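Architecture at a glance
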Amino acid sequence: MKILHTADWHIGKKLENFSRLAEQKDVLSEICAIADEEDVNAIIIAGDLFDNFNPASEATELFFKTLKNLSNNGNRPVIAISGNHDSPERIESPDSLARECGIVFMGFPHSKPNTFSLESGLSLIKTEPGFLEFKIPNCIEPLRVIATPYANEHRIKTYLNQESKEQELRDFLSEHWNSLYNAHCDSKGVNILATHLFVIPQGSEVKEEAEDEKPIVHVGGAQAIYTKNFPPEIQYVALGHLHRNHNIGTDKQAIVYSGSPLSYSFAEANQQKYVSIINVKAGEQAKVNHIPLKKGKRLLRLKAENITDAVDQLSANQDSLIELTIKSDTYLTAADRKLLNESHPNIITLIPMVNITNSDNDLEQKTINPTLERVQLFKDYFEHVHGNKPNDEIIDLFNEVISNNSSNI
């Protein structure tokens, strides 16, 4: 059978104040088209479905329309688990209606959806807390999914009835997953595990990730899980949380972060996005193909030596979202900013990098002459701190502040 793995949709997320909803509509439509073109038998969405616990109505509408399209009128199951950005209660609330389309939501580590059977031939024939088994049209073999939605360490142990509070989370989850596999899986079916956690090979170096996908290893969050903690018989592990598409498994067992469908921070600038297609038969090693996504705007970090250089670079990248760092001998004027904004409609972040001319010794030796007028004192202080003189706009603003304060005395 063929399975499409995607994650980290973050529907409703903005880049600064820039809405990405139109891009999300395009890229989710592209994912639906890929599912149809590849004729996949099942869909797994590994968490962070929304960007926050209270998504706007437009985000919710887009989410449910996309899932209905992915379900192909109830001919293939869509399994969606919650991530750390999702409200598990909200994710599970439409369960009874979703099941009529073959859509299964799992918000908690102990979630146990009700079984169902549809006219299409799709049926959820067996469930246990954290486990699903499907009979899928045109597939001889059943699909088994061990699913662990995100929860912090305390909640995971509470929901899964952890008795020993001293046992490490990774060891506890390993026992939990192996117990589910031994009870419900064998080589006569396709066996998948889906979770939204931070996973690394034991002993590997933790690479710097985008700000929005920092590892969930802080106080109150779950510790890092090791790849060795997954049952070795599981044919494919579908991960969510990190936004970069990569396989952290081995040649024998694919353990894959499918990545987000769009770049959601400038730390992901120029990052190609994918969905993962898994070809797998019972008792055999899974084959994975990563299909690049084409929709959505690129995120670019541009660095310019001056205003002219900035305008040239902006003109050459009109279809991208821009973080622009620009060198300058003085702070940007209103005219400079106007010219830059006229050159490109989507400068998300503008970072002036003012050249500092004073050395540390110069700053240490700088003295204040209290007999000078306030404006000159301000100019000297500004140059002392920033290494160059304030422009006319800053002086005008300072004079306005002085004027307002004087009128209130």
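For the structure given in this document, a descriptive report is provided here. (Residues numbered from 1 in each chain as written. Predicted model: local features only at pLDDT ≥ 70, side-chain atom pairs only at ≥ 80, totals over all residues. Heavy atoms only, no water.)

Moving on, we get to the packing of aromatic side chains. Tallied over the full model, the rule gives seven aromatic pairs. Judged by centre distance (4.2 Å) and plane angle (10°), the rings of Phe378 and Phe398 are stacked. On the criterion of sequence distance, the pair formed by Phe378 in helix 10 (residues 374–386) and Phe398 in helix 11 (residues 392–407) is long-range, its members being 20 residues apart. (Phe/Tyr/Trp six-rings, centres within 6.5 Å; stacked < 30°, edge-to-face > 60°. Helix = DSSP H or I, 4+ residues; strand = E, 2+ residues; numbered from the N terminus.)

What follows is about the sheet that holds strand 21 (residues 347–354). Read from one edge to the other, the open sheet built from three strands follows the order 19-20-21, with strand pairing classed as parallel. Both edges of this open sheet fall to strand 19 (299–304) and strand 21, since each of them pairs with a single strand only. Within the sheet, the average angular offset between the axes of one strand and its neighbour, ignoring direction, is 15°. Pairing geometry for strand 20 (residues 321–328) and strand 21, over seven bridges, is parallel. Along strand 21, the bridge assignment pairs Glu323 with Thr349. Contacts from helix 8 (residues 334–343) reach strand 20 and strand 21 within the one sheet, and its direction differs from that of strand 21 by about 140°. (Pairing = 2+ DSSP bridges. Axes fitted to C-alpha atoms, helices over the stretch in contact; angles between N-to-C directions. Contact = heavy atoms within 4.5 Å.)

A word on the pattern of salt bridges. The final tally for this structure, using the stated rule, is eleven salt bridges. The salt bridge involving Lys2 is made with Glu38; its shortest N-O contact spans 3.0 Å. One end of the pair, Lys2, is in strand 1 (residues 2–6); the other, Glu38, is in the loop between helix 1 (21–37) and strand 4 (42–46), with 36 residues separating them in the sequence. Taking the relative accessible area as the measure of exposure, Lys2 reaches 22% and is therefore partly exposed. A salt bridge links Glu268 to Lys273; the nearest nitrogen and oxygen atoms lie 2.7 Å apart. (Salt bridge = Lys/Arg side-chain N within 4 Å of Asp/Glu carboxyl O. Buried < 20%, exposed > 50% of the residue type's maximum accessible area, 1.4 Å probe, protein only.)

Counting residues in hydrophobic clusters, the biggest one holds 32 residues, and the most contacted among them are Leu4, Trp9, Ile11, Leu67 and Leu70. At the level of secondary structure, the elements contributing two or more residues to this core comprise helix 1, strand 4, helix 2 (57–71), strand 5 (78–81), strand 6 (103–106) and strand 17 (274–279). Among the elements that take part in this core, helix 1 stands out by supplying seven residues, more than any other. Contacts of Leu67, omitting those with residues within four sequence positions, involve Trp9, Ile45, Val78, Ile103 and Phe105. (Core = buried A, V, L, I, M, F, W, Y, C linked by side-chain atoms within 4.5 Å.)

Further remarks concern helix 6 (residues 169–184). The end-to-end C-alpha distance of helix 6, which contains 16 residues, comes to 22 Å, matching closely the 22 Å that a straight helix rising 1.5 Å per residue would cover. When helix 6 is considered as a whole, its buried residues turn out to be Leu169, Arg170, Phe172, Leu173, Ser174, His176, Trp177, Leu180, Tyr181 and His184. (Expected span 1.5 Å × (residues − 1).)

By the criterion of burial, strand 10 (residues 143–148) is predominantly enclosed, with six of the six residues buried. Going residue by residue along strand 10, you find Leu143, Val145 and Ala147 tucked away on one face and Arg144, Ile146 and Thr148 tucked away on the opposite face as well. Bridge analysis of strand 9 (residues 131–135) against strand 10 gives four bridges, and the strand direction is antiparallel. Along strand 10, the bridge assignment pairs Phe134 with Leu143. Bridge count for strand 10 against strand 11 (residues 190–196) is six bridges, and the pairing is parallel. Bridge pairing in strand 11 places Leu143 opposite Val190.

The subject of this paragraph is the side chain of Ser343. Tracing the backbone shows Ser343 in helix 8. Sequence-distant contacts of Ser343, that is, excluding residues within four places in its chain, are made with Val311, Leu314 and Gln318.

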